[in-house]
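# Examining the three-dimensional arrangement
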Amino acid sequence: MRRGSNTTAKKAILQNASGDDEIDRRILQQRNGTFASTQAGLEFEQQFWQGKKGPELEGIGCGKATFSSPWIPSRYPSPSETRIVIEAGEGGPGNGSIRLIGPRGYWPGPPKFADASFLVPFAHIEQVIALPYVMDYKSNPRAGGFPFVLIPSATIGSFPLRRFPRFISFACPQRADISLSALKRALNEQLARFHKAVIDLTLDSCICSKAVVKMSQTDKQPLAEGSLYFLETGILFLAPSTRMNLYLPRTSLLVVATVVIRDKAQRVDANAEIPVVAFDLYLPGNTAANDLNSPLWFCRLPFRYLEAVQAYFEAREAQVKRLEQIHNDYVNGDFKN
């Protein structure tokens, strides 16, 4: 891709991300009854439908509720709290949907109908990941829990250039009124039709590291900073901004490079960090991602992960390039000039 278009895409991503707070503030305000306000609200609620209308989504919002939660901590789509209802649909496993309720008082009118409601068909869910318990979910020790990340199919690939949809994120607290095992069981009953299951990192381990994502090795401003997970099914990058989350399925990782950076004396410091570069991303049907046809640089991984990361990609039949660079001006993850 030409440098100019690469830079344009990067600016679009950063500008969209920087405007998220204002967009969310406006769209989460109570609907005022005008046509424009109603349309904005419906666009927000229907962001997980992949452009389809309700009648086109078989089983959505129908069937027996196989799981229902109380109000629990949430980051997205409700920025503070949500209720989770898993509905079985009418055509057997996989035909159902997840109903995410909240924020409260989103629509004008009677309280019974005022809360926002997001319906997510299981057919539109790429992966569900359960993460280890955290004490400070939502920066509130009393709101700790097991974070869940639901990845809508329309979000796989590069950082989105459009506003919606985004990753769904909430936490399952350790409380008497909600069961982690019951939530996972209800999710797995629906995911089984698609040969999927909850990726449970509360039980299984994976390579995990703090990392930043860049579009060029020498970029001074990264696209995002967060945590990088090397899952059985692909790479997951989670950032504080819901806009900057990223999932690359294993089928998209065709060519990968690991870069060992040495100083002018050919040394690698014990605390050195390694960039991992994903090339030739195969992202079927994701036109927003294809517009960003550029390698992604995952930087600041500890050097001790080098062999494990190389083995991870080789096991997934990716072409792994083992690169080395020598720089006089390279100091632990950053270039001086």
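Residues numbered from 1 in each chain as written. Predicted model: local features only at pLDDT ≥ 70, side-chain atom pairs only at ≥ 80, totals over all residues. Heavy atoms only, no water.

### A closer look at the overall build of the protein chain
- Within the protein chain one finds 6 helices and 19 strands.
- Sequence separation of at least 24 residues holds for 63% of the intrachain contacts in the protein chain that already meet a minimum separation of 6.
- Summed over all atoms, the accessible surface of the protein chain reaches about 16100 Å², with 51% contributed by carbon and sulfur. (Helix = DSSP H or I, 4+ residues; strand = E, 2+ residues; numbered from the N terminus. Contact = heavy atoms within 4.5 Å. Areas by Shrake-Rupley, 256 points an atom, 1.4 Å probe, with all protein chains shown as cover.)

### Structural notes on the nonpolar core
- The biggest cluster of nonpolar side chains holds 34 residues, and the ones touching the most others in it are Ile86, Ile98, Phe148 and Leu187.
- Elements supplying a minimum of two residues to this core: strand 2 (72–76), strand 3 (81–87), strand 4 (97–101), strand 5 (117–121), strand 6 (125–130), strand 7 (146–152), strand 8 (168–172) and helix 4 (180–191).
- Of all the elements, helix 4 adds the most residues to this core, at 6 residues.
- Contacts of Ile86, omitting those with residues within four sequence positions, involve Lys64, Ala65, Thr66, Phe67, Ser97, Ile98, Phe122, Leu183, Ala186, Leu187 and Gln190. (Core = buried A, V, L, I, M, F, W, Y, C linked by side-chain atoms within 4.5 Å. Buried < 20%, exposed > 50% of the residue type's maximum accessible area, 1.4 Å probe, protein only.)

### Digging into the sheet that holds strand 10 (residues 207–214)
- Read from one edge of the open sheet, 8 strands run 13-12-11-10-16-15-14-17, paired in mixed fashion. A strand with exactly one partner marks an edge of an open sheet, and here the two such strands are strand 13 (246–249) and strand 17 (319–326). The mean angle between the axes of side-by-side strands here comes to 25°, regardless of whether they run parallel or antiparallel.
- For strand 12 (residues 234–238) and strand 13, the ladder comprises 4 bridges, and the chain directions are antiparallel. Within the sheet, the bridge partner assigned to Ile235 lies in strand 13 and is Leu248. (Pairing = 2+ DSSP bridges. Axes fitted to C-alpha atoms, helices over the stretch in contact; angles between N-to-C directions.)

### Looking at the pairing of strand 12
- By the criterion of burial, strand 12 is predominantly enclosed, with 5 of the 5 residues buried.
- Summarising the sheet, strand 11 (residues 224–230) and strand 12 pair through 4 bridges and their orientation is antiparallel. What sits directly across from Leu228, in strand 12, is Phe237.
- Remark: 3 residues form the turn of the hairpin made by strand 11 and strand 12, two consecutive strands paired antiparallel.

### A word on the side chain of Thr82
- With respect to the helices, strands and loops of the structure, Thr82 is situated in strand 3.
- Within the structure, the side chain of Thr82 is placed 2.8 Å from the backbone oxygen of Ile101, a separation counted as a polar contact.
- Once you skip the residues sitting within four places of it in the chain, Thr82 turns out to touch Pro70, Trp71, Ile72, Ser74, Leu100, Ile101 and Phe170. (Polar contact = N/O pair within 3.5 Å; in protein donor to acceptor, adjacent residues only side chain to side chain.)

### Remarks on the pattern of salt bridges
- The full count for this structure, using the stated rule, is 7 salt bridges.
- Among the ionic pairs, Glu81 bridges to Arg104, the shortest N-O distance being 2.7 Å. With a gap of 23 residues between them, Glu81 in strand 3 and Arg104 in the loop between strand 4 and strand 5 connect regions that are remote in the sequence.
- Residue Arg322 is joined to Glu314 by a salt bridge in which the shortest nitrogen-to-oxygen separation is 2.5 Å.
- Arg322 sits in the partly exposed class, given a relative accessible area of 47%.
- You can call Glu314 partly exposed: its relative accessible area is 40%. (Salt bridge = Lys/Arg side-chain N within 4 Å of Asp/Glu carboxyl O.)

### Digging into helix 6 (residues 306–315)
- Along helix 6, the residues that are buried comprise Leu306, Val309, Gln310, Tyr312 and Phe313. Seen end-on, helix 6 carries its buried residues on one side only, within an arc spanning 155°. Residues of helix 6 that are exposed and angled more than 90 degrees away from the buried face: Glu307 and Ala315.
- Trailing helix 6 by a residue or two, Glu317 shows a phi angle of about 60°, which is positive. (Arc of directions from axis to C-beta.)

### Some details on the packing of aromatic side chains
- The tally for this structure, following the rule as stated, stands at 10 aromatic pairs.
- An angle of 70° between the planes, with centres 5.2 Å apart, marks the rings of Tyr133 and Phe146 as edge-to-face. With Tyr133 in the loop between strand 6 and strand 7 and Phe146 in strand 7, this residue pair connects regions lying 13 residues apart in the sequence.
- The exposure class assigned to Tyr133 is partly exposed, which follows from its relative accessible area of 31%.
- On the basis of relative accessible area, Phe146 is assigned to the buried category, the value being 13%.
- With a centroid separation of 5.1 Å and an interplanar angle of 80°, the aromatic rings of Tyr312 and Phe313 are classed as edge-to-face. Each member of the pair, Tyr312 together with Phe313, is buried. (Phe/Tyr/Trp six-rings, centres within 6.5 Å; stacked < 30°, edge-to-face > 60°.)

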